[in-house]
Amino acid sequence: MRATVDGSGIVAQSQSALAPFRLYRPESVAEVKAVLAADPEAVIGAGCSDLVARIREGCAPRALVSLRTVAGLAAITHDAGVLRLGSMVTHHEGATSPIVAAAIPGLAAAWSRIATVRIRYTGTVGGNLMARRYRYEMPLLLGALDARLSISDGRTLGTGELWTDDTTALLTDIAVSTADLVWFGYERSMRPTTTVAVAIRRGEDATLSVHATAGSEYRRGISMRADTQVGTAADIDPARTASVLAAQLPADIADYTGSAEYRRHLVGVLARRLLCAAAVATHHREDEPHE
Amino acid sequence: MSDPDTETSVAGAPAPRGALDISIEFSLNGEKQNCRIDSNAVLLDVLRENLGCRGVRGSCERGVCGACTVLVDDVPVASCSTFAFAVDGASVETVEGLAAADGTLSPQQRAFAECGGYQCGFCTSGMLMLTTGLLRREPRPDRGTIRDWISSNTCRCTGYEMIMESVERAAELTAAQDGDRV
Ligand SMILES: Cc1cc2nc3c(=O)[nH]c(=O)nc-3n(C[C@H](O)[C@H](O)[C@H](O)COP(=O)(O)OP(=O)(O)OC[C@H]3O[C@@H](n4cnc5c(N)ncnc54)[C@H](O)[C@@H]3O)c2cc1C
Ligand code: FES
Ligand code: FES
């Protein structure tokens, strides 16, 4: 809250107490890049649902480049085993997209449970990632899916790298490989204490590996991985694999909502639940990869 | 760039000028509005302070409580967390636009009155706009859908059951008004 930053209390001040910022409304990615190069103080704004909260918490951008009118950032495609999400895809669009639902049903289902109806229409996948807030869930979902983020400076990053890379360049799109993806699911029933996302992928030797992330409101997501010797999700030993995953959590995993022991226990329970769901869901299609 | 106050630029061209204040044009409850606003103005302030829409309430100012809900191009948004520049070219609807010009209440307003969907009334304008947005999208929502939508707005008074009933009744009255007799 701005008032807290000022030391003057906890009541939010009106927006009008803030100095106006320089506003840019570019229409192409090239124009965004030109603005960012010419005005290094410019902060990117997508749906601005997080940015407004940040401003009310005391952040005072001197310049804002709005992505609202930038063409070509909201596409969803699934070609040659790659699901590609433009950074401006809103939660509502992602959750209701037939392309996402066909490519990774578990992602569409998880996406539909993010936030509230108002925020789902406004908030974007790019904003959720680039806000770099531990409590936001896209880094967990896309982290377990090993998504690659295309940045306008020419690099691609993994979602985990966002916590150590402080780029303020434009995120253009997010790519998720589906060619070897067998199943994906997400458990948020214990949110805010612990959530777990699980992706099961088939390796070159035809055995499956489990890629998972564990999140909580107050800690950055943690990646875990367990390789199996089996070829179908139904043959994965859920209890054993879940405990292999949970054992990878760091010793200092405790936060405000639970001790390390409790959080490790929860990750084990939620991962086991997801692996059981994977066995049931893939039972009839003999673990055909998503194409 | 779409703003006349900024210069069109391409990579390598001179720095574009950002604007500190801008002109926006949008439709408010069906009437065209032209406003000159500060770049950082939020829609809630513009609607309440500049355009006199006092039915749009501010409370949490974090997009959480729903008191400030308005429809922008038919979808509910938190006006407290929407920069006013974002509605340039859009259609904005507030609770002031619900009743007919002769004062006849809309089906949603009648339903909330009939079912006691409010006590102090602070949340009611946001609830009415949320209901309007929902029924445009799903004229006959089931209870689960109503709960999903209503759960995004906070009411400190009612316990929500009467609000749920009000939304169901609003669906019936809207269908009846549209000629689809229930
Ligand atoms: C009431 C409420 C409930 C919520 N519940 C949930 C929830 O349950 N789960 C959850 O995960 N999230 C939740 N959220 C967070 C919500 O999902 C985010 O606010 C939203 O996704 C942010 O998207 P945006 O487009 O509005 O981002 P903005 O506010 O526009 O941007 C956020 C940050 O990302 C940067 N940015 C945005 N786009 C780009 C880009 N393309 N390239 C580079 N940087 C960029 C901005 O500079 C800014 O720093 C909730 C938010 C609210 C207000
Ligand atoms: S005042 Fe806007 S959501 Fe609470
Ligand atoms: S009727 Fe009082 S807050 Fe809802």
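Please refer to the structure placed before this passage.
What you see is a predicted model; the values in this text were computed from it and never measured.

*Asks:* Any details on the site of ligand 1? Residues and values, ideally.
*Replies:* Taken together, 32 residues lie around ligand 1, and Ile 44, Ala 46, Ser 49, Thr 124 and Glu 137 of chain A are the ones closest in. More than one chain reaches ligand 1: its neighbouring residues belong to chains A and B. Cys 48 of chain A places a main-chain nitrogen or oxygen 2.7 Å from an oxygen atom of ligand 1. Between ligand 1 and Asn 128 of chain A, the relevant distance is 3.0 Å, taken from an oxygen atom to a side-chain nitrogen or oxygen of the residue. For ligand 1, whose accessible area on its own is 980 Å², the fraction buried by protein is 90%.

*Asks:* Break down the side chain of Thr 69 of chain B for me, with residues and values.
*Replies:* Among the secondary structure elements, Thr 69 of chain B is positioned in strand E3 (residues 69-72). Excluding residues within four positions of it along the chain, Thr 69 of chain B makes contact with Arg 118 of chain A together with Pro 76, Val 77, Gly 126, Met 129, Leu 130 and Asn 153 of chain B.

*Asks:* With reference to specific residues and values, describe the environment of Asp 21 of chain B.
*Replies:* All names here are of chain B. Considering the arrangement of structural elements, one finds Asp 21 in strand E1 (residues 21-28). Overall, Asp 21 belongs to the partly exposed group, its relative accessible area being 31%. Separated by 143 residues in the primary sequence, Asp 21 and Met 164 place their C-alpha atoms 42 Å from one another. For Asp 21, the side chain forms a polar contact with the side chain of Arg 36, separated by 3.0 Å.

*Asks:* Explain the pattern of salt bridges to me, using residue names and the numbers behind them.
*Replies:* Should their charged atoms come close, side chains of opposite charge can pair. Residues and elements named next belong to chain A. Enumeration according to the criterion identifies 30 salt bridges over all chains in this entry. Two residues, Asp 50 and Arg 133, come together in a salt bridge whose shortest N-O distance is 2.8 Å. Within this pair, whereas Asp 50 is found in helix H3 (residues 49-56), its partner Arg 133 is found in the loop between helix H8 (125-130) and helix H9 (138-144), the two being separated by 83 residues in sequence. For Glu 161, the salt bridge goes to Arg 148, with nearest N and O atoms at 4.0 Å. Taken together, the residues span a long stretch of sequence, with Glu 161 in the loop between strand E7 (156-158) and strand E8 (171-177) and Arg 148 in strand E6 (residues 148-151) at a distance of 13 residues. Connected through salt bridges with shared partners, the residues Arg 22, Asp 39, Glu 41 and Arg 62 form a single ionic network.

*Asks:* Before we move on, could you go through helix H2 (residues 107-115) of chain B and cite the residues and values that matter?
*Replies:* Residue and element names in this part refer to chain B. Restricting attention to buried positions, one finds in H2 the residues Pro 107, Gln 108, Gln 109, Ala 111 and Phe 112. As for H2, its buried residues are in contact with helix H3 (124-137) and helix H5 (161-177). Among the residues trailing H2, Gly 116 stands out with phi positive, at a value near 65°.

*Asks:* Please provide a residue-by-residue account of the sheet that holds strand E11 (residues 208-216) of chain A, values included.
*Replies:* All names here are of chain A. Taking strand neighbours across the sheet as the criterion, the four strands line up as E9-E10-E11-E12 in an open arrangement whose pairing is antiparallel. Only two strands of the sheet have a single partner each, and these edge strands are strand E9 (181-187) and strand E12 (219-227). Strand-to-strand twist of the sheet, defined as the mean angle between neighbouring strand axes without regard to direction, takes the value 10°. This element, helix H10 (residues 238-246), spans E11 and E12 of the sheet and lies at about 135° to E12. Along the sheet, helix H11 (residues 260-282) contacts E9, strand E10 (195-202), E11 and E12; its crossing angle with E9, the most-contacted strand, is approximately 135°.

*Asks:* Please set out the side chain of Thr 195 of chain A residue by residue, giving values where relevant.
*Replies:* Residue and element names in this part refer to chain A. Position of Thr 195 among the secondary structure elements: in strand E10. We classify Thr 195 as buried; its relative accessible area is 4%. In this structure the side chain of Thr 195 is engaged in a polar contact, spanning 3.4 Å, whose partner is the side chain of Tyr 186. Discounting residues that sit within four places of it in the chain, Thr 195 has contacts with Leu 140, Tyr 186, Glu 187, Arg 188, Thr 213, Ala 214, Gly 215 and Leu 270.

So, how was this worked out
Residues numbered from 1 in each chain as written. Chains lettered and ligands numbered in written order. Predicted model: local features only at pLDDT ≥ 70, side-chain atom pairs only at ≥ 80, totals over all residues. Heavy atoms only, no water. Near = heavy atom within 4 Å. Polar contact = N/O pair within 3.5 Å; in protein donor to acceptor, adjacent residues only side chain to side chain. Areas by Shrake-Rupley, 256 points an atom, 1.4 Å probe, with all protein chains shown as cover. Helix = DSSP H or I, 4+ residues; strand = E, 2+ residues; numbered from the N terminus. Contact = heavy atoms within 4.5 Å. Buried < 20%, exposed > 50% of the residue type's maximum accessible area, 1.4 Å probe, protein only. Salt bridge = Lys/Arg side-chain N within 4 Å of Asp/Glu carboxyl O. Pairing = 2+ DSSP bridges. Axes fitted to C-alpha atoms, helices over the stretch in contact; angles between N-to-C directions.

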